[in-house]
Amino acid sequence: MPIKSYRQAINETLFQEMRRDERIVIMGEDIAGGAGTPGIEDAWGGPLGVTAGLVGEFGRGRVLDTPISESGFIGAAAGAALTGLRPVAELMFVDFLGVCFDMIYNQAAKFRYMFGGTGGAPLVIRTTIGAGMRTGAQHSQSLYSIFTHVPGLKCVMPSSAYEAKGLLTQAIRDDDPVIFFEHKMLYDMSEDVPDESYTIPFGEANFAREGDDVTIVALSRMVHIAGQAAEALAKDGIECEIIDPRTTSPLDTDSIIESVEKTGRLVIVDEDTPRCSFATDVAALVADEAFGALKAPIKCVNAPHSPIPFAPELEDMYIPDAAKVEVAVRAALEASK
Amino acid sequence: MSNNQITPLIMPKWGMSMVTGKVVDWLVEEGASIATGDELAEVETDKIVNVVEVQGNGILRRRVAKEGDELPIGALLGVIADAAMQDSEIDAFIEKFQENFVPEEVEEGQTNEPLSVEVDGRPLSYQKAGPEDAEGTPVLFIHGFGGDSSSWMFNVTDLAASRAVYTLDMPGHGGSAKELGPDPFETLVSAVSGFIEKLELAQIHLIGHSLGAAVAMAVAVQKPNNIASLTIVDAAGLSDTLSGGSYIEEFIKAERRKDMKPALQKLFANPSLVSREMINETLKYKRIEGVAEVLTAIARAVFPDGKQIHVFRDKLEALPMPITAIWGAEDQLTNPEDAQGMPENVRVHIIDKAGHMPHMEAAPQFNKIVSAFFKSIE
């Protein structure tokens, strides 16, 4: 099977879906790259190179470079979805959601409900999350918990190239608004990705590793951080089960509970800040529905409750790493001795 | 094994994609006498657990790998020698082995990359193992419904010592085209026939499992002169009913892990063999566009309502090549009773404690039966 990067997998999905369905349009800032400069107009393909080549095949009628106005183009995308198009909008950094939040949570997320089921918004908003790129406090956040909080939105967090293609295909074919969170630090990570189209259903967790001692729930890049910790712990005979929920909304609660019922211990690894986060959500869910299975207190590994530091040394300390996950796993084991 | 020899027991390579294996359990104590065919250790690959067998006789002098170790192919698991060998010599052997051991480089796109050939306008994916100048009659493995080449991961290496071994992905499966045309069964048969022609395999041992066994029988009927022998494994196509017909529907419907796991568990006598990776790989295949349609089309054409449409029982007697039927005694899908009442030219082997996949679940035994069969006719 061909090896492709996370970036290539997303790019290929956009090509395949746009060929399949001409109602799909993509829009965002700089997505065609070098706007208005013939000859090099497609040299760039967005700030992270994900949309490269699309304008060449599909033209400017379907690949729309927008003004730097998130409320404008995300609102336009929501409206276009309501009229029957299937827009895929690129919100360059999730940190900019503040500018267009009304269009997402008060408009797109509520159309189906407020129009009595007669009009939905088949809209995908692709955006980037994650620290580690030295891009400072306003371009490095992992604000997926805020979207997970809103009824009417589906929230998708691919952890690898294979996952990205299957989940983005599903997102584009979904009839409701989907926020698709791409992790900046995963774009160059590669693996086998089929050339054919395929979909991964929402609300279906991936068991990224099997183990009997501790359940680790992790998303996006944190799946890999958890994997490093699990490798190290395995040398001491500690077997971790890693569950990647893939989507925070809908959430595959059954798989999480099934695993905790086996291991009796739960560690959640979440790159977002700790208060009212995905981690606290899963912890509450398990405490509520599987309290009897727990042999130890639930441990959450989050970023600290602070803005992301710009100093590289501090930024590295800010991001949950394998050492912190190991400590949490050992603490869970220690507490249940 | 001569008296003054030390034999390393190494991590075997099972299947094209295996890079490492994990030692789950030693089955023999240090100091125990062992003989060819003894099972020494259980090793887990990313797909299933299998046992490592010994070739030759001696004493397991040293268990080098510990339970739980994850080791690359070729790594030293243990040391076999006879009682006269000094401990110091064994220590020296181990030290030298470890010093010189370099794990096989797995280069991207080299060893794992399947080959491709076009038959009836469809690209077919296949793999080839065995020495370049092999003189033995080649083998062609045909997997079952919803399977692919990797079903034979524990069987290829054994046979490929002296001959070319081909594993083919049938249309609709693995890396082959996900489209079957109006007559799915005929498409599968024609693909295998066409493959044999295209690769100019004048003589070939054909081994088919389940649906692949039905296909293999159809090919043997069509091209009796090219087929040196026929081995059918937990075969479809011997009776007009399919005892585990509900499996087909469950497998087609399963889109999620929680539905796929119980379906796959029906294939094994020991359901705990169904690993996370086996479920994931099967779901990956099932998600690909066109696969659900292909599987549904095959099911309708070949196994409608728990029946079987293509039955070859009456044709076996007239076939000129030697035939072996192998069956797992605990098969829940194709009934082991279908192996009863075979014509005289069919040798029948029932493998205890194996389900629908004896070539995986009881691989050493399966391989022995096939090797002995080939030896008896070549």
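Look above for the structure.
What this report covers is the structure whose coordinates are included nearby.

Procedures and definitions
- Residues numbered from 1 in each chain as written.
- Chains lettered and ligands numbered in written order.
- Predicted model: local features only at pLDDT ≥ 70, side-chain atom pairs only at ≥ 80, totals over all residues.
- Heavy atoms only, no water.
- Contact = heavy atoms within 4.5 Å.
- Buried area = accessible area lost by both parts, 1.4 Å probe.
- Salt bridge = Lys/Arg side-chain N within 4 Å of Asp/Glu carboxyl O.
- Helix = DSSP H or I, 4+ residues; strand = E, 2+ residues; numbered from the N terminus.
- Buried < 20%, exposed > 50% of the residue type's maximum accessible area, 1.4 Å probe, protein only.
- Pairing = 2+ DSSP bridges.
- Core = buried A, V, L, I, M, F, W, Y, C linked by side-chain atoms within 4.5 Å.
- Patch = residues over 30% accessible without salt bridge, like charges linked within 9 Å, V, L, I, M, F, W, Y side chains within 5 Å.
- Areas by Shrake-Rupley, 256 points an atom, 1.4 Å probe, with all protein chains shown as cover.

## What about the interface of chain A and chain B?
Right, so step 1: Taken residue by residue, the interface counts 23 residues in chain A and 14 residues in chain B.
Right, so step 2: Buried surface at the junction of chain A and chain B, both sides included, amounts to about 1700 Å², of which 40% is carbon and sulfur.
Right, so step 3: Taken together, chain A and chain B are joined by 5 salt bridges.
Right, so step 4: Across the pair Arg 173 of chain A and Glu 289 of chain B runs a salt bridge whose closest N-O atoms are separated by 2.8 Å.
Right, so step 5: Mapped onto the side of chain A that touches chain B, the elements with two or more residues apiece are α7 (161–173), β9 (206–209) and α9 (253–263) of chain A.
Right, so step 6: Of all the elements, β9 of chain A adds the most residues to the side of chain A that touches chain B, at 4 residues.

## Considerations on the pairing of strand β13 (residues 204–209) of chain B
All names here are of chain B.
Right, so step 1: The element β13 is extensively covered by neighbouring structure, given that 6 of its 6 residues are classed as buried.
Right, so step 2: Both strand β11 (residues 136–142) and β13 contribute to a ladder of 4 bridges, which runs parallel. Its bridge partner lying in β13, Ile 142 is registered against Gly 208.
Right, so step 3: Inspection of the sheet shows β13 paired to strand β14 (residues 227–233) by 6 bridges, in the parallel sense. Its bridge partner being in β14, His 209 is matched across the sheet by Val 233.

## Here we look at the nonpolar core
Side chains that are nonpolar tend, in soluble globular proteins, to be buried together.
Right, so step 1: Ranked by internal contacts, the top residues of the largest apolar core, which has 133 residues, are Leu 140 and Leu 230 of chain B.
Right, so step 2: Considering every element that reaches this core, the biggest residue donor is helix α4 (residues 211–222) of chain B, with 9 residues.
Right, so step 3: In contact with Leu 140 of chain B, other than residues within four places in its own chain, are Tyr 166, Leu 168, Val 192, Phe 195, Ile 196, Ile 204, His 205, Leu 206 and Ile 207 of chain B.
Right, so step 4: In this structure, Val 94, Phe 111, Leu 153 and Ile 268 of chain A belong to the second largest nonpolar core, which totals 48 residues.

## With respect to a nonpolar patch on the surface
Right, so step 1: Among the surface-exposed residues, Leu 82, Tyr 113, Met 114 and Phe 115 of chain A lie close enough to one another that they form a single nonpolar patch of about 490 Å² accessible area.
Right, so step 2: Position of Phe 115 of chain A among the secondary structure elements: in the loop between α5 (111–114) and β5 (124–129).

## Remarks on the pattern of salt bridges
Right, so step 1: Counted by the stated rule, this structure contains 38 salt bridges over all chains.
Right, so step 2: In this structure, Glu 53 of chain B and Lys 368 of chain B form a salt bridge, with 3.5 Å as the shortest nitrogen-oxygen distance. Of this pair, Glu 53 of chain B sits in strand β5 (residues 49–53) while Lys 368 of chain B sits in helix α11 (residues 363–377), and the two are 315 residues apart along the sequence.
Right, so step 3: The exposure class of Lys 368 of chain B is partly exposed, given its relative accessible area of 45%.
Right, so step 4: Salt bridges here are not isolated pairs; linked through shared partners, they connect Lys 4, Glu 12, Lys 165 and Asp 195 of chain A.

Don't take any of this as a statement about function, it's just geometry.
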